[in-house]
Amino acid sequence: MGPQAEYFDLLGKGQFRIQRCDDCTAAVFYPRTHCPNCGGPLGWFAPEGSGVVYSATTVRRKPEAGGDYNVALVDLSEGVRLMTQIVGCDPGEVRIGMPVRFSGVGPAGDTVLYRPEDQQ
Ligand SMILES: [Zn+2]
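Note that the structure is predicted; figures quoted are calculated from it, not measured.

What counts as what
Residues numbered from 1 in each chain as written. Predicted model: local features only at pLDDT ≥ 70, side-chain atom pairs only at ≥ 80, totals over all residues. Heavy atoms only, no water. Buried < 20%, exposed > 50% of the residue type's maximum accessible area, 1.4 Å probe, protein only. Helix = DSSP H or I, 4+ residues; strand = E, 2+ residues; numbered from the N terminus. Arc of directions from axis to C-beta. Contact = heavy atoms within 4.5 Å. Pairing = 2+ DSSP bridges. Axes fitted to C-alpha atoms, helices over the stretch in contact; angles between N-to-C directions. Polar contact = N/O pair within 3.5 Å; in protein donor to acceptor, adjacent residues only side chain to side chain.

(A) Representation of helix 1 (residues 3–12) within the structure. Taken residue by residue, helix 1 has Pro3, Tyr7, Leu10 and Leu11 as its buried positions. Viewed along the axis of helix 1, the buried residues span an arc of 100°, placing them on a single side of the element. The inward-facing, buried residues of helix 1 contact strand 1 (18–21), strand 3 (42–45), strand 6 (81–86), strand 7 (99–105) and strand 8 (112–116).

(B) Local environment of unusual backbone geometry. In this chain, Phe29 is followed by Tyr30 through a cis amide linkage whose omega measures 5°. As for its placement among the helices and strands, Tyr30 is situated in the loop between strand 2 (27–28) and strand 3. At Thr25, a position not held by glycine, the phi torsion is positive, near 65°. Tracing the chain through its elements places Thr25 in the loop between strand 1 and strand 2.

(C) Region of interest: the sheet that holds strand 8. Within the closed barrel, the five strands sit side by side as 4-5-6-8-7. Their pairing is mixed. Strand-to-strand twist in this sheet, taken as the mean axis angle between neighbours without regard to direction, amounts to 50°. By the bridge criterion, five bridges tie strand 7 to strand 8 in an arrangement that is antiparallel. The partner of Val100 across the bridge, within strand 8, is Pro116.

(D) Here's a closer look at the environment of Arg61. Looking at the element boundaries, Arg61 is found in the loop between strand 4 (50–59) and strand 5 (69–76). Judged by its relative accessible area of 36%, Arg61 falls in the partly exposed class. Here the alpha-carbon distance between Arg61 and Leu42, two residues 19 residues apart in the chain, equals 39 Å. Non-local contacts of Arg61, meaning those with residues more than four positions away in its chain, are made with Gly66, Gly67, Asp68 and Tyr69. There is a polar contact of 2.8 Å between the side chain of Arg61 and the backbone oxygen of Gly67.

If you want it as structure tokens, here you go:
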């Protein structure tokens, strides 16, 4: 199984994992076979959970289709950036620079969810 397929396999089991280089310890995302910095081997780990919104967009949907939702790029404390959905607040309230915390994997098993840091 390639690293991308492995990532989605883990996500489908509710496990959000990114990679770290065994040699230079750099965190790596998106999933790859070798470290982009030094070519070293990579292993999976669970991110610590905090991040900051880098950019955010509201995707408009009709209410009967589930209503508007947010798509954001989040910079994790590990130093990697990934596309997520911010939940727990109105999509239009998501701001660049907002501290967020990992909230789980979406019901379809293919989306990583974060919520504002000050939300329970
Ligand atoms: Zn490396």
